[in-house]
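The lines below spell out each chain.
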Amino acid sequence: MIFITVKFTVRPEHSDNWLDLVDGFTQATRREPGNLFFEWSRSVDDPHQFVLVEAFRDGEAGKEHVESEHFKAAMDAMSYAVAGRPQIVSTEIPDMQGWGEMGEITPRNPA
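Reading the values: the criteria
The residue numbering used here restarts from 1 in each chain and proceeds along that chain's sequence as written. Under the rules for a predicted model, residues below a pLDDT of 70 receive no local features and side-chain atom pairs below 80 are neither given nor counted, while totals for whole chains, interfaces and linings still include all residues. Side-chain calculation: all heavy atoms of the structure are included, whereas hydrogens and water are not. Summary of the burial criterion: residues with accessible area below 20% of their type's maximum are buried, those above 50% are exposed, and those between are partly exposed, where the area comes from a 1.4 Å probe applied to protein chains only. Only DSSP runs of H or I with at least four residues qualify as helices, and only runs of E with at least two residues qualify as strands; both kinds are numbered from the N terminus onward. Strands pair, by our definition, only if DSSP identifies at least two bridges between them. Each C-beta atom gives one direction from the helix axis, and the arc is the one those directions make. A contact between two residues is defined here by any heavy atoms of the two lying within 4.5 Å. Definition of a polar contact: a pair of N or O atoms within 3.5 Å, with one able to donate and the other able to accept a hydrogen when the atoms are protein atoms, and with sequence-neighbouring residues admitted only if both atoms are side-chain atoms.

The name an unreviewed UniProt entry gives the protein chain is Antibiotic biosynthesis monooxygenase, with Streptomyces chattanoogensis as the organism.

See the structure below:
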């Protein structure tokens, strides 16, 4: 599995419409056969910062993603809205197929 997180700092005038701006890209990526997940979050500390958490089945699926037309179009569209170059962490996790359960916490009923 290729696991990627990307931190985007967005120009203030684009913060409120960022998720709308990236919606088409998000939906197209989620339809890719090799995509495992593609999820956006907004920082609770900085209203102009968004984090993308994404994963692809393997390196070939990741390659297909960055070579897709929707990826190229999104990079162009986002370049007008970001305040700086996004920060990225990308790594390969062998023998992983997506989310697993966290063993350290189990839901309980309130007392």
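Turning next to the pairing of strand β3 (residues 49-56). Among the eight residues that make up β3, seven are buried, leaving the element largely enclosed by the rest of the structure. The pairing of strand β1 (residues 2-9) with β3 spans eight bridges and is antiparallel. By the bridge assignment for β3, Ile-2 is matched with Phe-56. Sheet topology note: the strand β2 (residues 35-42)/β3 ladder contains seven bridges and is antiparallel. Considered in β3, the bridge of Glu-39 is made with Val-53. Hairpin connection of β2 to β3: six residues between the antiparallel strands.

Moving on, we come to helix α4 (residues 59-66). Because an α-helix packs 3.6 residues into every turn, residues spaced three or four apart end up facing the same way. If you check which residues of α4 are buried, you get Ala-61, Gly-62 and His-65. The buried residues of α4 all sit within an arc of 100 degrees when viewed along its axis, so they share a single face. Buried-residue contacts for α4 involve α3 (23-30), β2, β3 and α5 (69-79). The opening residue of α4, the one whose side-chain oxygen lies 3.2 Å from the backbone nitrogen of Glu-60, is Asp-58.

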